[in-house]
Amino acid sequence: MSLNNTPSSERIHIGFFGKRNAGKSSVVNRVTGQELSVVSDVKGTTTDPVSKAMELLPMGPVQIIDTPGIDDEGSLGELRVKKTKQILNKTDIAILVADATAGLVPADYELISIFKNKNIPYIVAMNKTDLIETNAGVNENDAKNLKNSAQDIETENIKAEQIMYVSAVTGSGIHELKEKISQISVTNKPDLRIAGDLINPSDFVVLVVPIDSAAPKGRLILPQQQTIRDILESDATAIVIKENKLKNTLANLGKKPKLVITDSQVFESVSKDTPLDISLTSFSILFARYKGNLAPAVKGASAIKKLKDGDLVLISEGCTHHRQCDDIGSVKIPAWLKKYTGADINIDLSSGIEFPEDLSPYSLIIHCGGCMLNEREMKYRQKCAEDQNVPITNYGIAIAFMQGILERSIEIFPDISEKLKE
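Everything in this summary refers to the structure shown in the same document. Since the model is a prediction, treat every value here as computed from it, not as a measurement.

Thresholds, definitions, all that
- Residues numbered from 1 in each chain as written.
- Predicted model: local features only at pLDDT ≥ 70, side-chain atom pairs only at ≥ 80, totals over all residues.
- Heavy atoms only, no water.
- Helix = DSSP H or I, 4+ residues; strand = E, 2+ residues; numbered from the N terminus.
- Contact = heavy atoms within 4.5 Å.
- Areas by Shrake-Rupley, 256 points an atom, 1.4 Å probe, with all protein chains shown as cover.
- Core = buried A, V, L, I, M, F, W, Y, C linked by side-chain atoms within 4.5 Å.
- Buried < 20%, exposed > 50% of the residue type's maximum accessible area, 1.4 Å probe, protein only.
- Salt bridge = Lys/Arg side-chain N within 4 Å of Asp/Glu carboxyl O.
- Pairing = 2+ DSSP bridges.
- Axes fitted to C-alpha atoms, helices over the stretch in contact; angles between N-to-C directions.

**Overview of the overall build of the protein**
Item 1. Along its length, the protein carries 15 helices and 14 strands.
Item 2. A sequence separation of at least 24 residues applies to 74% of the contacts in the protein between residues at least 6 apart.
Item 3. Carbon and sulfur atoms provide 49% of the accessible area of the protein, an area that totals close to 19800 Å².

Following this line, the structure appears as structure tokens:
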């Protein structure tokens, strides 16, 4: 995919962190080559995370994120710091921007500790070197700070190649910083496919896409677009239809499709219209596998049958949108839950980057497919649930479970299907 059609969730997320007035925003502007962030000498100018999509070769499409200072103060400052820490959950590469004239400070150490705990590869960019490297040389105090900084860095077991000296004012070291970022290996995972590894060239794949009031006018939603692209890249044929056209399409196709993929909202009717000798699954199930959390999501669905009066369920979405009267997260799934369990269940909703740190009040988490979240963010949420012993599943898997068709919908994944039978 090129930069223009690469969704945010597929880009490598590069976050710039540091204390206030270390020059994060100025460094970000230099790296992106644009005035992305407002800069000034006033501490705390950046009040919310700011993102920019760009191409960083040879890495490819990336998402650059400028964050508020980790040392912000006051009630508003605490909220900004919280936002910054939330960004860390989806950061693939972290850039710590520190003030070279002051050396590393406690706020910098705190960030380094978080990077290490979250296994985020990072670079320390010592900024403001223009204030040290003058024609008159390095003055005694600044030399002492640099020496102390080097000792601190050694104490923190930071490798020398992780340290870059830059100046956002003069641009010194910025090109080298970009080169260093682009050389970082974010992951060694294989090239994952959404559906391409399930089909062969010349296969037919039928995609059932209902057009309802919540669908964006004039376009398909992101999971549908990505799946179609993956099918086409496999040299297979994608046939996109509405749910009321499935029977006629299958009858008149002239060739049995290899796979039917459906939107979760019409899982039940599509299952009835799809012969048992044709594989069936959903976009949500495919994306759970793509994001690396299919097995725990299948396991988590069994918690639905244990729900009882007064239990609290969190329904979480990775994106933010205007909720319609028949919204799947806030209306349809709660109705299906209450119908299936017969219990008076309480529902909490979260969306976007908001995800509760304390999950202990919840008996179950039902998450969307996560098409707008990168893999690191989805795995973070999965790990939070696992660490707090709260079962987590996703929309499509929960719906398939409640409609009695989960086993059929994951038959194309034998290893996961066998675990369901255990």
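**Here's the deal with the nonpolar core**
Item 1. Counting 62 residues, the largest nonpolar core has Leu337, Ile366 and Ile397 as its most contacted members.
Item 2. Broken down by element, the residue count for this core peaks at seven residues, all from helix α13 (residues 395-402).
Item 3. Apart from the residues within four sequence positions on either side, leucine 337 is in contact with Ile304, Leu307, Val313, Gly342, Ile345, Ile347, Ile366 and Met402.

**Observations concerning the pattern of salt bridges**
Item 1. For the structure on display, the rule yields 12 salt bridges.
Item 2. Note that arginine 193 and aspartate 230 form a salt bridge whose closest N and O atoms lie 2.6 Å from each other. Residue arginine 193 is located in the loop between α5 (174-183) and β7 (204-208), and its partner aspartate 230 is located in helix α6 (residues 222-233); the two are separated by 37 residues in the primary sequence.
Item 3. Across the pair glutamate 375 and lysine 379 runs a salt bridge whose closest N-O atoms are separated by 2.8 Å.

**So, the sheet that holds strand β14 (residues 392-394)**
Working definition: the strands of a sheet are paired by backbone hydrogen bonds and lie parallel or antiparallel to each other.
Item 1. Pairing is parallel across the open sheet formed by four strands, whose spatial order is β12-β11-β13-β14. The open sheet has two edge strands with one neighbour each: β12 (346-350) and β14. Direction aside, the axes of adjacent strands within the sheet are offset by 25° on average.
Item 2. Judged from the four bridges that link them, strand β11 (residues 312-316) and strand β13 (residues 364-367) form a sheet pairing that is parallel. Its bridge partner lying in β13, isoleucine 315 is registered against isoleucine 366.

**Re the side chain of glutamine 382**
Item 1. Mapped onto the elements, glutamine 382 comes out in helix α12 (residues 375-387).
Item 2. For glutamine 382, the contacting residues outside a window of four places in its chain are Asn293, Pro296 and Ile392.

**A word on unusual backbone geometry**
Item 1. The backbone of asparagine 21 shows a phi angle near 65°, a positive value even though the residue is not glycine.
Item 2. Looking at where asparagine 21 falls in the secondary structure, it is placed in the loop between β1 (12-17) and α1 (24-32).

**With respect to the sheet that holds strand β9 (residues 259-262)**
Item 1. Taken in spatial order, the four strands line up as β8-β7-β9-β10 in an open sheet, and their pairing is parallel. The outermost strands of the open sheet, each flanked by one partner alone, are β8 (237-241) and β10 (279-282). Averaged over all pairs of adjacent strands, the angle between their axes in this sheet comes to 20°, without regard to strand direction.
Item 2. Sheet topology note: the β9/β10 ladder contains four bridges and is parallel. The residue bridging isoleucine 261 from the neighbouring strand is threonine 281, located in β10.
Item 3. Helix-sheet contacts for helix α9 (residues 283-290) involve β7, β9 and β10, and the interaxial angle to β10 is about 75°.

Everything listed here is a matter of coordinates, which is why it stays silent on function.
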